[in-house]
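Single-letter residue listing:
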Amino acid sequence: MNSAMYEAATGAQVFGYVLILLAGVACVAGLIWAFRLGAKVRDREPAPPRPEEQPRLPASGPVRETREVREPDEVPRAADDGERLTPHQLGNVGSKRADDQSRPRWSPGSSGSFGGGGGGRT
């Protein structure tokens, strides 16, 4: 057994331990820096609204949902027969209030689902 080998091995072990210690200190320093940076950013942000700044209910009461049956607007036609309209010429898809406001119902003999393939009511 050579004592020089043991001394060389312990020197390498100490170097490894110091390296791990330095890496740990660097990680802790990075976390402290990130925490301080986050605190500075949070201090620059506006404060949350106070209770008196919160939205209030209108004097007329809550706004209710309106249900109505709508149908699509007529698709515009091109001026010439050979001309085609591009999507930007069509514009937004509009809709209007339908004349018939009765809600569509399932027919009594249907299965009740789209493409369900079931036998339905028998």
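Residues numbered from 1 in each chain as written. Predicted model: local features only at pLDDT ≥ 70, side-chain atom pairs only at ≥ 80, totals over all residues. Heavy atoms only, no water.

K.L.:
So what exactly am I meant to see when it comes to the overall build of the protein chain here?
P.N.:
A tally of helices and strands in the protein chain yields 2 helices and 2 strands. When the elements of the protein chain are put in sequence order from the N terminus, they spell out α-β-α-β. Long-range contacts, defined here as pairs at least 24 residues apart, represent 46% of the contacts in the protein chain between residues at least 6 apart. On the protein chain, roughly 11,900 Å² of surface is accessible, and the fraction owed to carbon and sulfur atoms is 59%. (Helix = DSSP H or I, 4+ residues; strand = E, 2+ residues; numbered from the N terminus. Contact = heavy atoms within 4.5 Å. Areas by Shrake-Rupley, 256 points an atom, 1.4 Å probe, with all protein chains shown as cover.)

K.L.:
What should I look at first to understand the layout of surface pockets in this one?
P.N.:
Here the idea is plain: a probe the size of a water molecule rolls over the atoms and shows the empty space left. Its boundaries defined by the atoms lining it, the largest pocket holds a volume of some 180 Å³. In terms of residue class, the lining of the largest pocket is made up of 5 nonpolar, 3 polar and 2 charged. (1 Å grid on protein atoms, 1.4 Å probe; cavity = no way out; pocket = protein on both sides within 12 Å on 5 of 7 lines; lining within 4 Å. Points joined across faces, edges and corners; volume = space filled by probe spheres on them. Nonpolar A, V, L, I, M, F, W, Y, C, P; charged D, E, K, R; others polar.)

K.L.:
What should I look at first to understand a nonpolar patch on the surface in this one?
P.N.:
Residues V14, V18 and L22 make up a contiguous nonpolar surface patch of roughly 260 Å² in combined accessible area. Looking at where L22 falls in the secondary structure, it is placed in helix α1 (residues 3-44). With relative accessibility at 52%, the residue L22 sits in the exposed group. (Patch = residues over 30% accessible without salt bridge, like charges linked within 9 Å, V, L, I, M, F, W, Y side chains within 5 Å. Salt bridge = Lys/Arg side-chain N within 4 Å of Asp/Glu carboxyl O. Buried < 20%, exposed > 50% of the residue type's maximum accessible area, 1.4 Å probe, protein only.)

K.L.:
Even after reading the chapter, I still don't get the environment of P104, so can you show me in this structure?
P.N.:
Structurally, the position occupied by P104 is in the segment after β2 (95-97). Residue P104 is classed as exposed on the basis of its relative accessible area of 71%. For the pair P104 and V69, spaced 35 residues apart in sequence, the C-alpha separation works out to 9.3 Å.

K.L.:
Before we go on, may I ask you to explain the pattern of salt bridges in this structure?
P.N.:
Side-chain pairing between opposite charges can occur once the charged atoms of the two side chains come close. Following the criterion strictly, the structure yields 5 salt bridges and no others. Notably, a salt bridge pairs E68 with R70, separated by 2.5 Å at the nearest N-O pair. Overall, the relative accessible area of 35% leaves E68 in the partly exposed class. One salt bridge connects E68 with R97, and the closest N-O pair in it is separated by 3.1 Å. On the criterion of sequence distance, the pair formed by E68 in the loop between α1 and β1 (70-72) and R97 in strand β2 is long-range, its members being 29 residues apart. One network of salt bridges, with partners in common, ties together R50, E52 and E53.

K.L.:
What's the story with the confidence of the model for the protein chain in this structure? I'm lost.
P.N.:
When pLDDT is averaged along the protein chain, the result is 81; 79% of the residues meet or exceed 70. Mean pLDDT per element in the protein chain: helix α2 (residues 87-90) is the minimum at 81, and β2 is the maximum at 88. (pLDDT = per-residue confidence, 0-100.)

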